[in-house]
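Commentary on secondary and tertiary structure
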Amino acid sequence: LGAQATGLGNIYWNEENSARQPFYVTLGAHLTADMGKISVNLWGQNLTNTGYKSFYFESVQRKFYQKGTPFQLGIDVNLHF
């Protein structure tokens, strides 16, 4: 069983500091069950579905950014021989 919190910010994207990503926190968690030859890991990332920009730039007087990774759930199954 595990949990994590990742916080970043304030991030200023240009020299004038007019483009800014405020401080944000994403939460994650996982639960692993080891059953001998099989292990199962249930995990989640950005559990609060926090919206943020992963990068930003300006080119030819246009502004571009990419949204950060949204809420995710997953399962990993491993077989041990």
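Scroll up for the structure.
Residues numbered from 1 in each chain as written. Predicted model: local features only at pLDDT ≥ 70, side-chain atom pairs only at ≥ 80, totals over all residues. Heavy atoms only, no water.

Time to look at the packing of aromatic side chains. The full count for this structure, using the stated rule, is four aromatic pairs. For the pair Tyr-24 and Tyr-52, a centre-to-centre distance of 4.4 Å together with 10° between the ring planes defines the contact as stacked. Within this pair, whereas Tyr-24 is found in strand S4 (residues 24–34), its partner Tyr-52 is found in the loop between strand S5 (38–45) and strand S6 (53–59), the two being separated by 28 residues in sequence. Neither Tyr-24 nor Tyr-52 differs from the other in exposure class; each is buried. When the ring of Phe-57 is compared with that of Phe-64, the centres are 5.1 Å apart and the planes differ by 20°; the resulting orientation is stacked. (Phe/Tyr/Trp six-rings, centres within 6.5 Å; stacked < 30°, edge-to-face > 60°. Helix = DSSP H or I, 4+ residues; strand = E, 2+ residues; numbered from the N terminus. Buried < 20%, exposed > 50% of the residue type's maximum accessible area, 1.4 Å probe, protein only.)

Its location among the elements puts Val-60 in the loop between S6 and strand S7 (62–67). Exposure remark for Val-60: the relative accessible area of 75% places this residue in the exposed category. Measuring from C-alpha to C-alpha, the distance between Val-60 and Lys-37 comes to 57 Å, with 23 residues separating the pair along the chain.

So, on to the sheet that holds strand S1 (residues 2–8). The strand order S1-S4-S5-S8 describes an open sheet built from four strands, whose pairing is antiparallel. Both edges of this open sheet fall to S1 and strand S8 (72–79), since each of them pairs with a single strand only. Each strand axis lies, on average, 15° off the axis of its neighbour in the sheet, ignoring direction. (Pairing = 2+ DSSP bridges. Axes fitted to C-alpha atoms, helices over the stretch in contact; angles between N-to-C directions.)

Let's shift gears to the side chain of Ser-39. Tracing the sequence through the fold places Ser-39 in strand S5. By relative accessible area, Ser-39 is classed as buried at 10%. A polar side-chain atom of Ser-39 sits 3.2 Å from a polar atom in the side chain of His-80. (Polar contact = N/O pair within 3.5 Å; in protein donor to acceptor, adjacent residues only side chain to side chain.)

It is worth spelling out the pairing of S5 at this point. Pairing analysis gives six bridges linking S4 to S5, with the strands arranged antiparallel. Looking across to S5, one finds that Ala-29 is bridged to Gly-44. Once S4 ends, the chain turns through three residues before running back antiparallel as S5, passing Gly-36 with a positive phi of about 85°. Of the pairings in the sheet, the one linking S5 to S8 comprises eight bridges and is antiparallel in character. Each bridged residue has a counterpart across the sheet, and for Asn-41 the counterpart in S8 is Asp-76.

The subject of this paragraph is the environment of Gln-45. Examined against the element boundaries, Gln-45 turns out to sit in strand S5. Along the chain, Gln-45 and Asn-78 lie 33 residues apart, while their C-alpha atoms are 20 Å from each other.

Honestly, it's all geometry; don't read function into it.
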